[in-house]
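Working through the structure, step by step
If you want the building blocks of each chain, they are given just below.
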Amino acid sequence: MGSIHENLSDKPSVKLFKHLVNCNFLSCTNKNCPIWEQRNCLSVEKKHAYAMRLSTGQIKRILSQYNCSYEKRLSELSQW
């Protein structure tokens, strides 16, 4: 049995909240990130509320878009 932290980190809402709080790309813009606006315009409390109020389906769609964007940015970096 894993720790409570491991169980929570698997929840889609927690994954979304982590991405809202922290970005791995310093040059991230609203053109290449589906959650840029929320990351840059909301307080931590509002980011948490946003992530928690969405349905699982909405979160999975956002995370899918985020992952595609993330992979594209990684690919662009590797072309250097």
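First, a word on scope: everything that follows refers to the structure included in this document. Keep in mind that this is a model prediction, so the values were computed, not measured. Numbering of residues starts from 1 in every chain and runs along the sequence as written. pLDDT decides what is reported in this predicted model: residues at 70 or higher carry local features, side-chain atom pairs at 80 or more are listed and counted, and totals for whole chains, interfaces and linings draw on all residues regardless. Neither water nor hydrogens contribute to the side-chain values; these are computed over all heavy atoms in the structure.

Helix axes are fitted only over the stretch in contact, all axes being lines through C-alpha atoms; the angle between N-to-C directions runs from 0 to 180 degrees. Only DSSP runs of H or I with at least four residues qualify as helices, and only runs of E with at least two residues qualify as strands; both kinds are numbered from the N terminus onward. Two numbers describe how helix α2 (residues 12-21) lies on helix α4 (residues 44-53): the axes approach to 9 Å, and their chain directions differ by 150°. Taken as axis vectors, α2 and α4 run roughly antiparallel relative to one another. Crossing hand, α2 versus α4: right-handed. Contacts between α2 and α4 pair S13, L16, F17, L20 and V21 from the former with V44, K47, H48, Y50, A51 and M52 from the latter. In terms of residue class, the contact of α2 with α4 is made up of eight nonpolar, two polar and one charged. Angles are sorted into four bins: roughly parallel if under 35 degrees, roughly antiparallel if over 145, roughly perpendicular if 65 to 115, and oblique for all others. By convention, the crossing between two helices is left-handed when the near helix turns anticlockwise from the far helix through less than a right angle, and right-handed when the turn is clockwise. A contact between two residues is defined here by any heavy atoms of the two lying within 4.5 Å. Think of it as three bins: nonpolar holds Ala, Val, Leu, Ile, Met, Phe, Trp, Tyr, Cys and Pro, charged holds Asp, Glu, Lys and Arg, and polar takes everything else, Gly as well.

On the secondary structure map, E37 appears in helix α3 (residues 36-41). Take E37: its relative accessible area is 54%, and that puts it in the exposed class. For E37 and L20, which are 17 residues apart along the polypeptide, the C-alpha to C-alpha distance reads 9.4 Å. Burial here depends on accessible area, computed with a 1.4 Å probe over protein chains only, as a share of the maximum for the residue type. Under 20% is buried, over 50% is exposed, and the range in between is partly exposed.

In this section: the packing of aromatic side chains. In this analysis, rings of Phe, Tyr and Trp, with Trp reduced to its six-membered ring, are considered paired at centre separations within 6.5 Å, and the interplanar angle assigns stacked below 30 degrees, edge-to-face beyond 60, and tilted for intermediate values. Enumeration over the complete set of coordinates arrives at one aromatic pair. Pairing Y66 with Y70 gives two aromatic rings, centres 6.2 Å apart and planes at 25°, and the pair type is stacked. With a gap of four residues between them, Y66 and Y70 both fall in helix α5 (residues 56-78), about one helical turn apart. Residue classification places Y66 among the buried positions, given a relative accessible area of 2%. Two conditions define a charge located above a ring, namely a distance within 6 Å from the ring centre to NZ of Lys or CZ of Arg, and an angle within 35 degrees of the ring normal. A cation over a ring is seen here: R73 above Y66, with NZ or CZ 5.9 Å from the ring centre.

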